[in-house]
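Summary of structural features
Below, each chain spelled out in residue letters.
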Amino acid sequence: MTGRWLRCYRLLIMIVIVALLPGVAQAAELDGAALGWVWGMPFAGILLSIALGPLLFPKIWHTHYGKIAAGWALLTLLPITLVYGWQTALAAAIHALLGEYLSFIVLLFALFTVSGGILVTGTMRGTPLLNTMLLALGTVFASLIGTTGAAMVLIRPLIRANIGRQHNVHVIVFFIILVANVGGALSPLGDPPLFVGFLRGVDFFWPLQQLWPQTLIVAGILLTVFFLLDLWFARREPRSSTRPEPVGFRGGINFVLIAAIIAMILLSAEWQPGIVFDVYGTKVALQNLVRDGALVLIALLSLWLTADEHRSANDFAWEPIREVAKLFAGIFIAIIPVLAMLGAGKHGLFAPLLDVVTAPDGTPREVPYFWMTGLLSAVLDNAPTYLVFFELAGGHAAELTGPLAGTLGAISMGAVYMGALTYIGNAPNFMVYAIATERGIKMPGFFGYALWASAVLIPLFLLLTYLPIVPNLRLD
């Protein structure tokens, strides 16, 4: 970094710090009620960087995204250090990384590694029936091995099956909607927002118990619409002369390892030995350490037991999980002041937002929670958006899975379903886009895809708003 840029960087930090200085005495911990909007700028900055960086300056972004995320994290921790002291900043960073981030990224790493060893072989002919069956299979897989895992396992076989067709863009668009998003709504394994909820105390089976009717309705309608649309396109194309080859799976040991991942997560929720370690104020339970260590071991076993050629055939690479790890480390640091402001409730900066989603009698308004969580998930990242609204709704898992189950259902559906509205709403979206473009499919641009997805999904979201099913998105 040149001397001029270094001076500018230091000046920027000093300006931000001066703007953040409160008019009252320093506190021993973050006082959310005393924090102004400037404290939320690093969080907004890192999310906007993730949203716009790959589109506006792709070369710079892909080379330096780790440094960019670290810069926003630094702009979060430096003001905390100067205003509240280094002890408070260190305690907050340890809590964010050890108490929240570690388990989150370990699960993603394990699912990404294990699913990358599953190879689908054979050549299929992309008929409307076969395409619909593949999308349905991927939708089910998404809640078992994650949206990223399911997308990476099935996207290449789907492309091979449809590469000779004149009209195949809609196949990839519906794949992103169903497999990379909607299908992950039924378990913490499925989509990062739900695993964030699991880490916050939401029962593992709660999404399945509460959201299966909505997910079945949305997925069922989407698959029906896709079949009819694909049938319409197929009847206007010449019959393919491609001879299909038998379809099979290789790397079957990884299905066993996925079952082991599920077992370890369930065990960590049931096994409560009562042993807790205090790491500079952050409580770390023994069962969580055992779970995370076991997940890393399972991932290493997958690398050892799976033939290298299986991953090579899948074009397996570490860059996607490396990018997620670096960016989410920055996100979990940058969100620290935002969570403190949310924790202040009506005394904090987010009081107007709380008024929008809260009725005069103090009960949550589920429709605003659904739409606000969803639309922000579409333009930002759905995991931190889920966390923000989870905290805004009180942040207490016992209440949100009990009397306020409709509120948590609204937040969960918004974060998972509406992540499909843009390429940046959920991590697998852009990965699928990149793979399809590389294979010669002329995918729509950012706004073109958003129009495609909105035309398909917005009517379904309006339907969910009025459906009289539990959790009911009440309009009062």
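First, a word on what this report is: a plain description of the structure on this page.

It is worth spelling out the environment of Ser268 at this point. Here Ser268 shows up in helix H9 (residues 253-270). Distance from Ser268 to Asp292, taken between C-alpha atoms, is 9.4 Å for residues 24 residues apart in sequence. With near-sequence residues (within four places) excluded, Ser268 lies in contact with Phe198, Gln287 and Arg291. Polar side-chain contacts of Ser268 include one of 3.4 Å to the side chain of Arg291.

Moving on: the pairing of strand S3 (residues 276-279). For S3 and strand S4 (residues 282-285), the ladder comprises four bridges, and the chain directions are antiparallel. Residue Phe277 lies in a different strand from S4, and its bridge partner there is Val284. Two successive antiparallel strands, S3 and S4, enclose a turn made up of two residues, where Tyr280 displays a positive phi of approximately 50 degrees.

So, on to the packing of aromatic side chains. Summed over all chains, the structure comprises 22 aromatic pairs. With centroids separated by 6.1 Å and ring planes inclined at 80 degrees, the aromatic side chains of Phe370 and Phe461 adopt a geometry described as edge-to-face. Here Phe461 lies in helix H20 (residues 446-466) and Phe370 lies in helix H15 (residues 366-379), a separation of 91 residues in the sequence. Of the two residues examined, Phe370 and Phe461, each falls in the buried class. Judged by centre distance (4.5 Å) and plane angle (15 degrees), the rings of Tyr423 and Tyr449 are stacked. One end of the pair, Tyr423, is in the loop between helix H18 (405-417) and helix H19 (427-438); the other, Tyr449, is in helix H20, and 26 residues separate them in sequence. Given the relative accessible area of 2%, Tyr423 is considered buried. Judged by its relative accessible area of 0%, Tyr449 falls in the buried class.

This part is about the pattern of salt bridges. Tallied over the full model, the rule gives four salt bridges. Residue Asp230 is joined to Arg165 by a salt bridge in which the shortest nitrogen-to-oxygen separation is 2.9 Å. Taken together, the residues span a long stretch of sequence, with Asp230 in helix H8 (residues 206-234) and Arg165 in the loop between helix H5 (128-162) and helix H6 (169-178) at a distance of 65 residues. Of the two residues examined, Asp230 and Arg165, each falls in the buried class.

Calculation rules
Residues numbered from 1 in each chain as written. Predicted model: local features only at pLDDT ≥ 70, side-chain atom pairs only at ≥ 80, totals over all residues. Heavy atoms only, no water. Helix = DSSP H or I, 4+ residues; strand = E, 2+ residues; numbered from the N terminus. Contact = heavy atoms within 4.5 Å. Polar contact = N/O pair within 3.5 Å; in protein donor to acceptor, adjacent residues only side chain to side chain. Pairing = 2+ DSSP bridges. Phe/Tyr/Trp six-rings, centres within 6.5 Å; stacked < 30°, edge-to-face > 60°. Buried < 20%, exposed > 50% of the residue type's maximum accessible area, 1.4 Å probe, protein only. Salt bridge = Lys/Arg side-chain N within 4 Å of Asp/Glu carboxyl O.

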